[in-house]
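# Examination of the molecular architecture
Chain residues, written in single-letter form:
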Amino acid sequence: MSGITFTNATKTYNKQLQGLLITGTLPTGLDDIELSVSYSAGITNVGSVVITATFSTESSNYNTPVAMVATLIVSPATVSILVADQTTMYNTYAQSIVNSTAKWSITEGTVCAGDSLDITLSTNEDYYTDVCEVAITASSANSNYDVTVVNGTFTITPAPVTVTIADRTSVYSEQPATLTASSTVPNIYSLETRTTFDGEATPMTTSTSIGEYYIVGVSTNANYDITFVNQSGDSEYAIYTVTPKYVSVAEIVFASKYEIYNGSSFSITATNVPTGIVVTYHSNTDDGDIFNGAVEKGFYTIVAVFAPTNDNYMLVAQETPYKQARLSIYAKVIEIVWHYNAEYIYTGENQQGSVYATYIDENNATVILTPVFDADFINVGSYIATVTPSSDYNVLNGATLTQQLVINKATHNMSTITFEDSHLWFTDEVKNITINGTLPTGVTVSYLYAEDQSVFTGETIEGEYSVIARFIYDTDNYNIIEDMTATLTIERDYQSEQAFVSAVEQLSTITIDSYDALVECNRLYELIPYNQGVSVISAHNTLVDKDADFVQVVITYKSDFNTIVEAFTEDALITDFDNIARAHTIYNALVQVNQNVTDLEDNKTALDAHTLNYNTLVTSINSTADQAVTVQQQMLSRIASLLLTLLSLLVLGIVKFV
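Residues numbered from 1 in each chain as written. Predicted model: local features only at pLDDT ≥ 70, side-chain atom pairs only at ≥ 80, totals over all residues. Heavy atoms only, no water.

### Topic: the side chain of Asn-144
The line we're drawing: Secondary structure elements follow DSSP: runs of H or I no shorter than four residues count as helices, runs of E no shorter than two count as strands, and numbering proceeds from the N terminus. Throughout, exposure labels follow a simple rule: accessible area from a 1.4 Å probe, protein chains only, divided by the maximum for the residue type, with under 20% read as buried, over 50% as exposed, and the rest as partly exposed.
Tracing the sequence through the fold places Asn-144 in the loop between strand S9 (132-140) and strand S10 (145-150). Classification of Asn-144 by relative accessible area gives buried; the value is 9%.

### A closer look at the pairing of strand S17 (residues 224-230)
Definition in use: Paired strands are those between which DSSP finds at least two bridges.
Burial runs high along S17: five of the seven residues are buried. Pairing geometry for strand S12 (residues 159-165) and S17, over seven bridges, is parallel. When the sheet's bridge partners are listed, Thr-162 is paired in S17 with Thr-227.

### Looking at a nonpolar patch on the surface
Heads up, the condition is: To count toward a patch, a residue needs a relative accessible area over 30% and no salt bridge; like charges are then connected within 9 Å, while nonpolar side chains (Val, Leu, Ile, Met, Phe, Trp, Tyr) are connected within 5 Å. Per-residue accessibility takes into account occlusion by the displayed protein chains alone, with areas from the Shrake-Rupley method and a 1.4 Å probe. A pair is scored as a salt bridge if a Lys or Arg side-chain nitrogen falls within 4 Å of a carboxyl oxygen belonging to Asp or Glu.
Residues Tyr-258, Ile-260, Phe-299 and Tyr-330 make up a contiguous nonpolar surface patch of about 460 Å² in total accessible area. For Tyr-330, the location among the structural elements is in strand S24 (residues 322-330).

### Focus on the sheet that holds strand S3 (residues 47-56)
Using the following cut-off: All axes here are fitted lines through C-alpha atoms, helices being fitted over the stretch that makes contact, and every angle between N-to-C directions spans 0 to 180 degrees.
One open sheet holds the four strands; their spatial order is S1-S4-S3-S2, and the pairing between them is mixed. For this open sheet the edge positions go to strand S1 (9-12) and strand S2 (36-39), each flanked by a neighbour on one side alone. Between one strand and the next, the sheet's axes are offset by a mean angle of 25 degrees, whatever the strand orientation. Across four bridges, the pairing between S1 and strand S4 (residues 68-75) is parallel.

### Side note on unusual backbone geometry
Even without being glycine, Ser-173 reaches a positive phi, approximately 80 degrees. As for its placement among the helices and strands, Ser-173 is situated in the loop between strand S13 (168-171) and strand S14 (181-183). Note on Ser-173: relative accessible area 29%, which makes it partly exposed. Within the chain, Gln-453 stands out as a residue other than glycine whose phi angle is a positive 65 degrees. In this structure, Gln-453 sits in the loop between strand S35 (444-449) and strand S36 (463-472). On the accessibility criterion, Gln-453 (35% relative accessible area) is partly exposed.

This is the structure:
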């Protein structure tokens, strides 16, 4: 039975009984008895059935084969139908579709003879009253067919009607006229106006500008196909006309008035101006300039000109379109008050800024007036200051517009200036006498002999001199500065001069050995206050070589000895000396020539404090003394010559002083 099959199958409905058969050839036995097969019943309509193939044989030589089973499916036949459209007109009644075989047709497939598709047509509602357009669908009651439906359309169309629109007119700002129309079917439409410019719907209101507007109809009932026409029947719209509103100027009030100047702008404004009229104000001049108000005092004629606000208004033709009035602004009375110092003193600066005048204005505020002077208010003298208020004010007392002011002389502060007697020792230098203190700015001084008022420039001769300090300054603007007088006394100190000669003989020539020669020279040079009376002359003051043999220093007298002594009493000149040996030498010489200088004794303690340093230095110097002996012997004759020369110069000087 290997070549025998019995399989499932699907067949299309054809109104016939349908079944299944095995495939293949049944085997034949040795006794030539064939194998037979029988089947269970098949089906005719759409559905499924299980069919059994049963085998049988009369031969005893073979076993009977096992029965086979398979499923038969009968599927629907396919048919396509087209549903026809149905149309009717609105008639205010409920309407529905016609359900008959005439309203559909088969477009594809066939129906077996004697069969019916049992088609039923339907819409989503049973009845329709208003204009509509809905789908017509179909369904089949015969399950042996798979029906594909192409829907139709059920349409109720609007009923045609004609509406006649009437033209309308109204005046701007007044209530608009009611739009009217007529037709055989009332209340099936609405009316609206549309501008001739943009075509948009514009309801008529009291603010609709003048002009012509279309009145168009709009259908509000979809069950009617409305045709709108105007009353002449020549257009689909009517005309709505808005005309200008006439306004009168008769009731406008424009009256003259007067004001008192207060700094504000004044004008006259028309009152009781009706809506629709705009007022402009003009000066009553040939050119008729726009009048924007007046501030200053005076008389102004103002013309109020009336014109329609826009094209929506018109003035009554018989009326004059302007009126005239007068504005009078009178001056305000004020009182001028001057503000200035009780007394002006010369300062060198222009003092106009400290003078001003005021008055109280109309707002109770203080107004400041800056005066004009007849000249710069600087120098001593009399000046006239004048103020000029605005012409919009009347001054209560006209004399207050001017004020006479005076600047008096100033006094230089000389309280810090003194001119005192001076007592100086005679030298060959010029001796002078001057004031003490700093002179005020602008003041200088000259010195005169009191005896003959000639210029005093100093004296070199001993004696007493009466000197006048005369001050030079601006006498036009300052009070007198009195002269000052003092006495210059020049006196010789013969005793000190002789004593100093003796001291110089001890100090006149000092030879420093080669130990740090330049440093020693400089220390001694700093020690002697040459700028106060003693000079130091070094034969080798440019020496920079530490190993040089010696430096010869000559001390020469040039001034009064008292000054020298005072200089050496200062701590700074004594305590800072590194060369203790030289300090002691000078100290001893000064004590010999002036036993009355007690300050030197006070400073000797400071010198003694350096004894250790001094001894160390002397030891260092002695260590090189032997090396310098030969050189010193060679210089003895030269030193002697220098001493003789110095003494000669001193003697000549003393003789000259005497």
